[in-house]
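Structural overview for review
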Amino acid sequence: MERLRVGVLISGRGSNLQALIEACRDPDYPAEIVLVISNRAQAPGLARADAAGIPHAIVGHRERHAFAAQAEALLREHRVDFICLAGFMRILDAGFVQAWRDRMVNIHPSLLPAFQGLHAQRQALAAGVRFTGCTVHFVRAELDCGPIIGQAVVPVRPDDDEERLSARILEVEHRLYPLALRLIAEKRVTVTADRVDIEGWRSPEIAALNPVGPAAGRFARTSV
Ligand code: GRF
């Protein structure tokens, strides 16, 4: 099996990177992480790459074009086919985004298009929504926009604070991201007119993350 060669861009903690690393340990998983790039030297995620024996690099992002050029060279050197942004906190150069169109995804801690930008969990609490979650989407030039591959939903509880809600969302992020990447690597994801089709979307593994899918019976669909 030819595995999809993935580069992961991070800025911080790297818990989603870790979830992808764990998924890739399974020899049947159709993707492998061949490079991690961080724009911050102190990113704890770099130690996770190191522990997993994955080549990693620090590329400063003071200048958008320079970052794009250096990252591009590294991605080419490591023959990266596909990019996962995992807590990468900088806006990427438009040319870079265009060059990787439909070959670069991001994970965001809300049900997009709600609560784009920073502090999505805080925004959800302020809005008083009863459900929120996370989204894996293809990257476009506009921040937190682009065709949606998958979403996972969590309830917002009346006594939640930002930390508790973030932890609940993070748990489903760690399940959704490896699943989305697997579907992509299996070539089951296609983008048509900026919407995503997923081959085999009825399968229980996909429905399990989606409270309105065929497995809905197993989930609480109302929350007060
Ligand atoms: C996650 O909440 C992700 O959705 C957002 O940034 C955070 C990164 O966390 N884009 P980690 O670095 O993966 O732990």
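The structure this text deals with has already been given above.
In this report, the structure presented in the accompanying data block is examined. (Residues numbered from 1 in each chain as written. Predicted model: local features only at pLDDT ≥ 70, side-chain atom pairs only at ≥ 80, totals over all residues. Heavy atoms only, no water.)

Structural notes on the environment of alanine 152
- Assignment of secondary structure puts alanine 152 in strand E7 (residues 148-155).
- Here the alpha-carbon distance between alanine 152 and glutamate 173, two residues 21 residues apart in the chain, equals 7.5 Å. (Helix = DSSP H or I, 4+ residues; strand = E, 2+ residues; numbered from the N terminus.)

With respect to the nonpolar core
- Ranked by size, the top nonpolar core spans 47 residues in total, and within it Val8, Ile33, Phe82, Cys84, Val105, Ile149 and Leu181 carry the most contacts.
- When residues of this core are assigned to their parent elements, the largest contribution, eleven residues, is made by helix H6 (residues 162-185).
- Formed jointly, this core draws a minimum of three residues from each of two domains, domain 1 (1-100) and domain 2 (108-224).
- Residues within four places of isoleucine 33 in sequence aside, it is in contact with Val6, Val8, Leu17, Leu20, Ile21, Cys24 and Ile54.
- Grouped together as the second largest cluster of nonpolar side chains are 21 residues, Val59, Leu75, Ile83 and Val97 included. (Core = buried A, V, L, I, M, F, W, Y, C linked by side-chain atoms within 4.5 Å. Buried < 20%, exposed > 50% of the residue type's maximum accessible area, 1.4 Å probe, protein only. Domains from an automatic or database assignment. Contact = heavy atoms within 4.5 Å.)

Overview of the side chain of aspartate 160
- Structurally, the position occupied by aspartate 160 is in the loop between E7 and H6.
- Only 2.8 Å separates the side chain of aspartate 160 from the backbone nitrogen of arginine 157, close enough to count as a polar contact.
- Looking at aspartate 160, its side chain comes within polar contact range of the side chain of arginine 168, at 2.7 Å.
- In this structure, aspartate 160 is in contact with Leu125, Pro155, Leu165 and Arg168, ignoring residues within four places of it in sequence. (Polar contact = N/O pair within 3.5 Å; in protein donor to acceptor, adjacent residues only side chain to side chain.)

Here we look at the sheet that holds strand E4 (residues 82-85)
- The seven strands lie next to each other as E3-E2-E1-E4-E5-E6-E7, forming an open sheet whose pairing is mixed. Each edge of the open sheet is held by one strand with a lone partner, namely strand E3 (56-58) and E7. The sheet shows a mean angle of 20 degrees between the axes of neighbouring strands, taken without regard to direction.
- The strands that helix H1 (residues 15-25) touches are strand E1 (4-10), strand E2 (31-38), E4 and strand E5 (104-108); relative to E2, the one it contacts most, it runs at about 155 degrees.
- Those strands touched by helix H3 (residues 64-77) are E1, E2, E3 and E4, and its axis lies near 150 degrees from that of E2. (Pairing = 2+ DSSP bridges. Axes fitted to C-alpha atoms, helices over the stretch in contact; angles between N-to-C directions.)

Overview of the pattern of salt bridges
- All chains considered together, the criterion is met by ten salt bridges.
- Notably, a salt bridge pairs arginine 122 with glutamate 162, separated by 3.0 Å at the nearest N-O pair. A residue pair is termed long-range when its members are at least 10 positions apart, and arginine 122 in helix H5 (residues 120-127) and glutamate 162 in helix H6 qualify at 40 residues.
- Taking the relative accessible area as the measure of exposure, arginine 122 reaches 44% and is therefore partly exposed.
- One salt-bridge network, held together by shared partners, links Arg101, Asp102, Arg140 and Asp194. (Salt bridge = Lys/Arg side-chain N within 4 Å of Asp/Glu carboxyl O.)

Some thoughts on the site of the ligand
- All residues in the neighbourhood of the ligand are listed as Arg13, Gly14, Ser15, Asn16, Gly87, Ile107, His108, Pro109 and Glu173.
- Glycine 14 has a polar backbone atom sitting 2.8 Å from an oxygen atom of the ligand.
- A distance of 2.8 Å is found between a nitrogen atom of the ligand and a backbone nitrogen or oxygen belonging to isoleucine 107.
- Relative to its unbound accessible area of 370 Å², the ligand is 87% covered by the protein chains.
- Of all the secondary structure elements, the ones that give two or more residues to the shell around the ligand are H1 and E5.
- Split into classes, the residues belonging to the shell around the ligand amount to two nonpolar, five polar and two charged.
- In terms of domain composition, the shell around the ligand takes at least three residues from each of domain 1 (1-100) and domain 2 (108-224). (Near = heavy atom within 4 Å. Areas by Shrake-Rupley, 256 points an atom, 1.4 Å probe, with all protein chains shown as cover. Nonpolar A, V, L, I, M, F, W, Y, C, P; charged D, E, K, R; others polar.)

Points about the pairing of E1
- Across the seven residues of E1, seven count as buried, placing the element largely inside the fold.
- The alternating pattern of E1 places Leu4, Val6, Val8 and Ile10 on one face and Arg5, Gly7 and Leu9 on the opposite face, and all of these are buried.
- Handedness of the E1-H1-E2 crossover: right-handed.
- Alignment of E1 against E4, held across four bridges, turns out to be parallel. Each bridged residue has a counterpart across the sheet, and for leucine 9 the counterpart in E4 is leucine 85. (Right-handed = clockwise from strand over helix to strand, strands pointing away.)

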